[in-house]
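# Reading the structure
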Amino acid sequence: METITSVKNERVKAAAKLTSSAKARREQGLFVLEGLRLCMDVVRSGLRCAELFVSEEFCAKHGAEYEALVACSDEVFLVNDAVLEKLSDTRTPQGVCCVVRMAAPASLLERAPATGAPASETDVSATKLLLLENVQDPANLGAIARTAEALGISGLLVSGGCDVYAPKALRASMGALLRLPVEVVDASREGSEPVLSLLEKAEALGFKTYASTPAADAVPVTEADFSGKVLCVVGNEANGVTPETMTACAERVTIPMAGRAESLNAAAAGAILMWEMVR
């Protein structure tokens, strides 16, 4: 195990760039996790670390976890507090940080639901997908992923908005973004396609497609038919679902509100929609 003590070390600088740059993450197919909980999710998720950075204190306090992380890491480095602070996106580093290889891109329209889904959701004919269109806040993305996993949603499709591998999104998801099937919908990426093409393909495969909206003339979410294969779209925090996507969906659904609020936070709206989808 090599020891690194300088924040100017090239490996440290490269890893730190992955923490701050979505472009670097995308180009290299790597992202950074820090802290015991998230790093151990790498082990549980079957992913692999390209690099593992640990402190002496972490090794001494968490011997079993350290050994498990070493077993799924290509290279391991012993580092000091200064290096960990350089790599960290939080104020109090926990002594462990790993550079992780991204999973192979998922294609969710034809795959089976995630392991652990409710009994009624265990076959492809009952697939439930949520598409997030231009959701900007990583905290919203993370919260939606955490709720999706808890409710047994089959997977998330993410188009535009924040990076699913952003440190804040990963922390907010409590590791759900590593365990839940997630497909990034980006026409500029090889093997991907634009949202409108994806919705057309979904309907050809028998999915019912819904766009969420605060409009009062849309179908109340409690009255929508969410049986069978369903794909529901949640839009940008400020602007909602784009007009083009709204038109492309077969139905519009709304969450009735008795108060004076005009709309709900994206994470709250997503939670209600997913609950109704699996209920």
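Predicted model, so just to flag it, every value in this text is computed and none were measured.

## Remarks on the packing of helix α3 (residues 36-45) against helix α5 (residues 63-71)
Relative orientation of the contacting elements α3 and α5 amounts to 45°, with a least axis distance of 9 Å. If you check the angle between α3 and α5, you find them oblique. As α3 packs across α5, the resulting crossing turns out to be left-handed. Taken together, the residues of α5 that come into contact with α3 (itself represented by L36, C39, M40 and V43) are E65, A68 and L69.

## Side note on the nonpolar core
The tendency in soluble globular proteins is for nonpolar side chains to be buried side by side. Ranked by internal contacts, the top residues of the largest apolar core, which has 58 residues, are L33, V54 and L130. Residue contributions to this core peak at seven residues, all from helix α12 (residues 266-278). If sequence neighbours within four positions are ignored, V54 has contacts with M1, C59, Y66, V76, F77, L78, V79, G95 and V96. Residues L108, L129, F207 and V233 belong to the second largest nonpolar core, which totals 18 residues.

## Comments concerning the side chain of S21
Note on placement: S21 falls in the loop between α1 (10-20) and α2 (22-28). Residue S21 is classed as buried on the basis of its relative accessible area, which comes to 17%. A polar contact of 3.4 Å, which involves the side chain of S21, links it to the backbone nitrogen of K23. Polar side-chain contacts of S21 include one of 3.0 Å to the backbone nitrogen of A24.

## What about the sheet that holds strand β5 (residues 96-101)?
Strand order in the open sheet made by the five strands is β1-β4-β3-β5-β2, with mixed pairing throughout. Here the strands that pair on one side only, and so sit at the sheet edges, are β1 (2-4) and β2 (30-34). Strand-to-strand twist of the sheet, defined as the mean angle between neighbouring strand axes without regard to direction, takes the value 25°. Judged from the three bridges that link them, β1 and strand β4 (residues 73-79) form a sheet pairing that is parallel. In the sheet register, T3 faces β4, and the bridge partner there is L78. Relative to the sheet, α3 contacts β2, β3 (49-54) and β5, its axis offset from that of β5 by approximately 35°.

## A short note on the confidence of the model for the protein chain
The predicted model of the protein chain averages 90 in pLDDT, with 91% of residues at 70 or higher. With pLDDT under 50 throughout, residues 114-122 is counted as low confidence; its partners more than four residues away or in other chains account for 11 contacts.

## Quick notes on the sheet that holds strand β12 (residues 251-254)
Read from one edge to the other, the open sheet built from seven strands follows the order β8-β7-β6-β11-β9-β12-β10, with strand pairing classed as parallel. Strands with a single pairing partner mark the edges of an open sheet, and in this sheet they are β8 (182-184) and β10 (219-220). Relative to β12, strand β9 (residues 208-212) runs parallel, the two being bridged by three bridges. Bridging across to β12, A211 finds its partner in R252. Strands β6 (128-133), β7 (155-159), β8, β9 and β11 (230-234) of the sheet are contacted by helix α10 (residues 195-204), whose axis makes an angle of about 155° with β11. Across the sheet, α12 touches β6, β9, β11 and β12, and the angle it forms with β11 is around 165°.

## Concerning the pairing of β9
Taking burial as the measure, the five residues of β9 include four buried ones, the bulk of the element. Both β9 and β11 contribute to a ladder of four bridges, which runs parallel. Bridging across to β11, K208 finds its partner in V230.

## Some details on the environment of G160
Along the chain, the position of G160 falls in the loop between β7 and α8 (167-172). On the accessibility criterion, G160 (39% relative accessible area) is partly exposed. A C-alpha to C-alpha distance of 7.1 Å links G160 and V135, two positions 25 residues apart in sequence. Excluding anything up to four places from it in sequence, G160 contacts N134 and V185.

## Things to note about the pattern of salt bridges
Taken as a whole, this structure holds 14 salt bridges when the rule is applied. The closest approach of N and O atoms between D41 and R44, which form a salt bridge, is 3.2 Å. Of this pair, D41 and R44 are both found in helix α3, three residues apart, which corresponds to roughly one turn of the helix. On the basis of relative accessibility, which here comes to 56%, the residue R44 falls in the exposed class. Each of D41, R44, E149 and R179 takes part in salt bridges that share partners, so that together they form one network.

## Quick look at a nonpolar patch on the surface
Taken together, M257, L264 and I272 make up a surface patch of nonpolar side chains, about 210 Å² in accessible area. Within the secondary structure layout, L264 lies in the loop between β12 and α12.

Analysis parameters
Residues numbered from 1 in each chain as written. Predicted model: local features only at pLDDT ≥ 70, side-chain atom pairs only at ≥ 80, totals over all residues. Heavy atoms only, no water. Axes fitted to C-alpha atoms, helices over the stretch in contact; angles between N-to-C directions. Helix = DSSP H or I, 4+ residues; strand = E, 2+ residues; numbered from the N terminus. Parallel < 35°, antiparallel > 145°, perpendicular 65-115°, else oblique. Left-handed = near helix turned anticlockwise from the far one by under 90°. Contact = heavy atoms within 4.5 Å. Core = buried A, V, L, I, M, F, W, Y, C linked by side-chain atoms within 4.5 Å. Buried < 20%, exposed > 50% of the residue type's maximum accessible area, 1.4 Å probe, protein only. Polar contact = N/O pair within 3.5 Å; in protein donor to acceptor, adjacent residues only side chain to side chain. Pairing = 2+ DSSP bridges. pLDDT = per-residue confidence, 0-100. Salt bridge = Lys/Arg side-chain N within 4 Å of Asp/Glu carboxyl O. Patch = residues over 30% accessible without salt bridge, like charges linked within 9 Å, V, L, I, M, F, W, Y side chains within 5 Å. Areas by Shrake-Rupley, 256 points an atom, 1.4 Å probe, with all protein chains shown as cover.

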